[in-house]
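# Observations on the three-dimensional arrangement
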There are 2 protein chains.
Amino acid sequence: MDIATRVYNHKWKIDPIVRSLIDTDFYKLLMCQSVFRNKPDTEVTFSLINRSKAVPLADLIDEGELREQLDHIRSLSLSRGESTWLRGNTFYGKRQMFRSDFMEWFEGLRLPAYHLERRGDQYELTFEGRWPEVMLWEIPALAVLMELRGRAVLNVMGRFELQVLYARAMTRVWEKIERLRPLEALGIADFGTRRRHSFMWQDWCVQAMREGLGKKFTGTSNCLIAMRREVEAIGTNAHELPMVYAALAKDDDALAKAPYDVLSDWHEEHEGNLRIILPDTYGTQGFLDNAPDWLAGWTGMRIDSGDPAKGAEIAIDWWRSRGEDPMAKRVIFSDGLDVDKIIQLQQQFSGRTNVSFGWGTLLTNDFRGLVPDDALAPFSLVCKAVTANGHPTVKLSDNPEKAMGPADEIARYKRVFGVGEQERLKVVV
Amino acid sequence: MDIATRVYNHKWKIDPIVRSLIDTDFYKLLMCQSVFRNKPDTEVTFSLINRSKAVPLADLIDEGELREQLDHIRSLSLSRGESTWLRGNTFYGKRQMFRSDFMEWFEGLRLPAYHLERRGDQYELTFEGRWPEVMLWEIPALAVLMELRGRAVLNVMGRFELQVLYARAMTRVWEKIERLRPLEALGIADFGTRRRHSFMWQDWCVQAMREGLGKKFTGTSNCLIAMRREVEAIGTNAHELPMVYAALAKDDDALAKAPYDVLSDWHEEHEGNLRIILPDTYGTQGFLDNAPDWLAGWTGMRIDSGDPAKGAEIAIDWWRSRGEDPMAKRVIFSDGLDVDKIIQLQQQFSGRTNVSFGWGTLLTNDFRGLVPDDALAPFSLVCKAVTANGHPTVKLSDNPEKAMGPADEIARYKRVFGVGEQERLKVVV
C-alpha cells in the first residue's frame, strides 16, 4: 500500500460497513420501483427481529459503533457511476429496467432516520416513514449488525489467527464449490448480502463462485458487486409486498385478494424471468388453489419456507393441474440452503423442471465452528415491515417458526387463507 | 500496490527465488568461517543428488529458467545492512561471532561458476572450486530447484485455486502449531530453508510459529528471515565437515581420526550451545564408543538419521557412561520431523534430557495432497560434497538409505568405523 492510501485511510473516522446505496439486493430496487409507482405514500414501520434470542446483540455490539455505522449509511447517496449503471445496464435481458422518474427520485434519496434503543440484551431498531424510503434500510441494517457482531469477535484475534481463520473459511467455500461443480445443468446465484460476514468476504465468495462454477454461477443479488464484477444482478420480489398489501386490506375479502393484487401490479411491469411467484406468505397450498389462471402463465416459483422438496412437488402438481408443462417452468430454491441440500434438490428435480438456487447465508457467512464458542456462526436476524398505515403486518409462510405478527391477526389470516396444521422446521439462518 | 512499485517489478527480467547471500542456513556461515580458517584451499566438488528418482526434474523445470535463477544468485553480494547485522548481531549469546578477516572475505564474495547438464530426465548440477566458496551454493541451489518445480505446477492454476491452495496449506501449518502449543518445555526452530516451498512461504511459517508458539519457537536457520523478523538464527554444523575431512585423510588411521579432528577444530572456536555433536556421519555407536573424553563435555547431540528415539537413547546412555548428567545435556532432533513425531519424542525424552527440534521440510513445504498427482509434495533432494582434493567423499549415517559415495569406499569406511548391519528406513524428505 502506498503512503497516500494509508494516510487517506487514516482520515476515516470509522471503517464503514456499507459504503454505497446499491450495496443492497437487486430485488429491493425492483420492489422499490414498484412501490414508488403503486403505493408511494404508504407509511410503514420496519423493525429488526433477532430470531436467535441466545445471541445477545446489545452485549456484543457497542451502541456508539452501531450508531456510527447507521449514521454513515444515512450520509450515502447514489453516485454518478451507480446511477449510470442502473439506468444503462441490461437486467434480465431488459434495458432501462428503471424508469426515469424512479431514477430521479433515487438520485435525490437519503435514507430516513432510525430509532435505536437497548432493550435488555437486544437492540430495538426501527425505521418509520414512507414505504419506498424505509424499505431500503432492511439490507444495510442487517449487514451492519451481522458485521459488527463479527468484528467484536475478530478484534481480539491475533494477526495469524485471523489469517488462518480466513484460510479455513476460504477452504470451506472452495470445497463447497468443488462439490457443486460436477452438477449438470446447475444454476446458482449469490443471495447472501443481508447476513454476510462482510462486504469483502461476499465479494470474494462471488469471485470464487465465478471462477469455480463458470456459467453455472448465474449472478449475485448484490447490485454493487454485480456492477463492479460485471456479473448479472439477480432477484425479483419478496414477502414485504404481500405483507404490506395485506395489512392495507379493508376487510377479509380484500385481504384474501391482496396477494394476487401484488402479482397483478407486478404482471403489468415485468415479463419473463422476472415473473416469479413467491407463494408462501400465507401458505403455499391455499395461495395456489385460489390463484387466478393468468398466474399459471408465470415463469416460475420461489420456494422460501417449509420442506423445499414438498414445495417443489406442490408447484409441479399445480402447473400440471393448470395445463402447464413443468419443463417450461422454473423452481428457485432460496431457503437456508447449503451444499448437501442443493445437491439433493438438483438431483431430485432437474429433468422434471428447471431448477435454480439462491444461496444465501451459508455461502457468504459460513464461519461455523471456526472460533471458540462458535461466536461467528450466523444466526437468524431479519428486518421486516411490521406496520403499514398503522395496521400490523402478518407473515405465515410454510413454517410456523417463521410466522410473525400479533396472535389475533395471525389467527385471522389463517382463517382467511385457509391455513391448517403446518410442519414446524428449525430455522438456522 | 502503487504504480511505481508495479513499474519497478516490470523491470525484473525474472522473479528471483534467492535474493540475498544470507538467504541461507546459519550453520553454513559458521562452517564457512571454520573452513575459511582451517582448510581454505581445499578443492571440492558439490553435486545435486535427487534421491527421489520418480520426480523427473529435467522434464518439470525449464533449463533456461534454471540458468536464469542460478545466474541471478551469482550476481548477489553481501549488502551493507547484511554485513552490519552479521558483524554486530548477537548469535548464541556471543557478539562478533564472525571475525573481521572472514567478514572482509565474505563481503567480496561472489558465488563461483556452476556446471549444468541434462541427463535423461534429471539435471546434473555441480559446483567446483575452493571449499569456502563452493559450500555456499548448497542451500540456494536446493531452494531454487524446489521452488522452480513448484512454480511449474502453480503456473497452470487459476487465481482462486491458488488462493485456496495457500488457504489449505496455511490451515495445515496452523493446525500443526496448535497441536504443538500445549507441549510443556518445547523448544523448536525452523530448519526448512533448503527444501522450502518458497521464501515467502517460509517467512510466513516463521511468523506463524512465532505468534502461535511464543517462546517455544526458538528461531530459524534462515539468516535473512532471522535478520528481518528479529528472531534467533539457529544452527551449528553439518555432515560436510567430517565428510571432507575424512576424504582428505591419508590413510585408514587418519580416516578414523578425521571426525574427531573436525570437532577439535570446532572446540577451539565455539562454546556452549554451539558445541553440538553430529555423531552419525559414519555410524553413531562407533563414533561415540571411540570418542575422546573431552567430547562428553559438549553441550548436546543432534540426531539426524536412523530411528530418532534409539539415537536419543544411545546419546543418553553414552553421557551416563562418561559420567555426564543427561539432564545437563541437549538432544536436538532434526531428521524428517512432522508434528506426530515431535509430540512423541518430546513426551518420551523431556524430563530425561533437554529436547529441541529443528523442523525442516514438513514445516516449510508440506503441500502433500493439495494438488492432483501430489505434484507439490516435497521430495528428497540434496546437494553434497562429492570430492575433496580429488578424493571421493563418503557418508554412511545411521540409515543405509542415506549412504553415499563409491561402493568400494563405502566398504572401506564401514570397515574403518566398525559399522555393521543397519536398519533401513524410508527417506521421505
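Residues numbered from 1 in each chain as written. Chains lettered and ligands numbered in written order. Predicted model: local features only at pLDDT ≥ 70, side-chain atom pairs only at ≥ 80, totals over all residues. Heavy atoms only, no water.

### Focus: a negative patch on the surface
Negative charge collects at one region of the surface, where A:Asp62, A:Glu65, A:Glu68 and A:Asp71 lie side by side. Summarising the element assignment, A:Asp62 is placed in the loop between helix H3 (57-60) and helix H4 (63-74). (Patch = residues over 30% accessible without salt bridge, like charges linked within 9 Å, V, L, I, M, F, W, Y side chains within 5 Å. Areas by Shrake-Rupley, 256 points an atom, 1.4 Å probe, with all protein chains shown as cover. Salt bridge = Lys/Arg side-chain N within 4 Å of Asp/Glu carboxyl O. Lys, Arg positive; Asp, Glu negative; His and termini not counted. Charge placed at Lys NZ, Arg CZ, Asp CG, Glu CD. Helix = DSSP H or I, 4+ residues; strand = E, 2+ residues; numbered from the N terminus.)

### A closer look at the UniProt feature "modified residue: Phosphohistidine" (unreviewed entry) in chain A
Residues and elements named next belong to chain A. According to UniProt, the "modified residue: Phosphohistidine" (unreviewed entry) feature falls on His 239. Note that His 239 resides in the loop between helix H11 (223-229) and helix H12 (240-247). On the basis of relative accessible area, His 239 is assigned to the buried category, the value being 4%. When near neighbours in sequence (up to four residues on either side) are disregarded, His 239 contacts Leu 278, Asp 280, Thr 281, Asp 304, Lys 384 and Lys 395. (UniProt positions renumbered as here; feature names shortened; annotations may be inferred. Buried < 20%, exposed > 50% of the residue type's maximum accessible area, 1.4 Å probe, protein only. Contact = heavy atoms within 4.5 Å.)

### Describing the interface of chain B and chain A
The interface is formed by 18 residues belonging to chain B together with 18 residues belonging to chain A. Regarding the contact of chain B and chain A, the summed buried area is about 1,700 Å², with carbon and sulfur atoms giving 59% of it. Counting across the interface, chain B meets chain A through 14 residue pairs in polar contact (both at pLDDT 80 or more). Those elements giving two or more residues to the side of chain B that touches chain A turn out to be helix H9 (159-180) and helix H10 (199-213) of chain B. Among the elements that line the side of chain B that touches chain A, the one with the most residues is H9(B), at twelve residues. Tallied by class, residues from the side of chain B that touches chain A come to seven nonpolar, four polar and seven charged. (Buried area = accessible area lost by both parts, 1.4 Å probe. Polar contact = N/O pair within 3.5 Å; in protein donor to acceptor, adjacent residues only side chain to side chain. Nonpolar A, V, L, I, M, F, W, Y, C, P; charged D, E, K, R; others polar.)

### Details of the relation of the copies chain B and chain A
Overlaying chain B with chain A gives an RMSD of 0.0 Å, the required rotation being 180° about an axis along which the chain moves by 0.0 Å. Both copies of the chain, as the preceding transformation shows, are related through a two-fold rotation axis. Looking at the rotation axis and the C-alpha trace of chain B, the residue lying nearest is B:Ala167, at 2.0 Å. Comparing interface residues between copies, 100% of those in chain B also sit at the interface in chain A, which points to an isologous, same-surface contact. (Least-squares fit on C-alpha atoms with pLDDT ≥ 70 in both.)

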